[in-house]
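Observations on the model geometry
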Amino acid sequence: PPIEGVYTVTGPWSTIASWAVNAGESYVIFIDGDGVIANPITVDPNGFLAIIAKGSLSVAATLGAVPQALRTPDVTGVFVADGTFETGDSDLQLVVGGTVIANSIDLQRNLGDLGNLYYPSEQFVSRVDLWLHAPKEMQDMNFEWKEVAP
């Protein structure tokens, strides 16, 4: 979107280019259906981005990079799906910065025998600062953390 704010779109929806959310900018995208994150997304400190789908959210298999111990996130934001959050079937490492909330999460990446031995296929990096810059309507939330057996 060219101007910060709240947008509602009918799915299926997909990003069409790399996206950089600058400090002080705030975007909330509501998708009535499924969404695809097909391009890199960065969010500067003091910025905010939420993509909220009534259906599923998936990350394109082409997003990611050759595995490394420490990488900057490929996509950053608050990603909420009423359905499944899918990481995309790929041999590239995916790093997500921010928060993922979904009915289920499907970790589909596979780095191969040697890659899986040394690196995570998917890595989720907390960005608590995003919530400090969220719209007021999104800041009053209840969280339930639990560890589930694989």
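Residues numbered from 1 in each chain as written. Predicted model: local features only at pLDDT ≥ 70, side-chain atom pairs only at ≥ 80, totals over all residues. Heavy atoms only, no water.

**Some thoughts on a nonpolar patch on the surface**
Quick note on the threshold: Only residues whose relative accessible area exceeds 30% and that form no salt bridge enter a patch; like-charged residues are grouped when within 9 Å of one another, and nonpolar side chains (Val, Leu, Ile, Met, Phe, Trp, Tyr) when within 5 Å. Only the protein chains shown count as covering a residue, and every accessible area follows the Shrake-Rupley method with a 1.4 Å probe. Should a side-chain nitrogen of Lys or Arg be within 4 Å of a carboxyl oxygen of Asp or Glu, the pair is scored as a salt bridge. Helix and strand definitions follow DSSP, with helices as H or I runs of at least four residues and strands as E runs of at least two, each counted in order from the N terminus. The rule is simple: take the accessible area with a 1.4 Å probe, protein chains only, and divide by the maximum for that residue type; under 20% is buried, over 50% is exposed, in between is partly exposed.
Where nonpolar side chains cluster on the molecular surface, the patch consists of Leu114, Leu117, Tyr118 and Tyr119 and spans about 480 Å² of accessible area. Inspection of the secondary structure puts Tyr119 in the loop between α1 (112–118) and β11 (122–125). Given a relative accessible area of 31%, Tyr119 falls into the partly exposed group.

**Regarding the layout of surface pockets**
Any empty space left between atoms is shown by rolling a water-sized probe over those atoms. Spelled out, the test is: The pocket and cavity definitions rest on a 1 Å grid over protein atoms only: a 1.4 Å probe that fits but cannot leave marks a cavity, an open set with protein on both sides within 12 Å along at least five of seven lines marks a pocket, and residues lining either have an atom within 4 Å of a point. Grid points are joined across faces, edges and corners, and a volume is the space filled by probe spheres set on the points. Under the scheme applied, nonpolar residues are Ala, Val, Leu, Ile, Met, Phe, Trp, Tyr, Cys and Pro; charged residues are Asp, Glu, Lys and Arg; polar residues are all the others, including Gly.
When its volume is computed, the largest pocket comes out at roughly 850 Å³. The wall of the largest pocket is formed by 21 residues, among which Val100, Ile101, Ile105, Glu144 and Trp145 lie closest to the centre. Within the lining of the largest pocket, the residues separate by chemical class into twelve nonpolar, six polar and three charged.

**Section: the packing of aromatic side chains**
Rules: Paired rings are identified among Phe, Tyr and Trp, the last through its six-membered ring, by centres lying within 6.5 Å, and are further divided according to the angle between planes into stacked (under 30 degrees), edge-to-face (over 60) and tilted (the rest).
In this structure the tally under the stated criterion is three aromatic pairs. Taking the centre distance of 6.4 Å and the plane angle of 55 degrees together, the rings of Phe48 and Trp131 count as tilted. Of this pair, Phe48 sits in strand β7 (residues 48–53) while Trp131 sits in helix α2 (residues 129–132), placing them 83 residues apart in sequence. Here Phe48 falls in the buried class, since its relative accessible area comes to 0%. For Trp131, a relative accessible area of 15% translates into the label buried.

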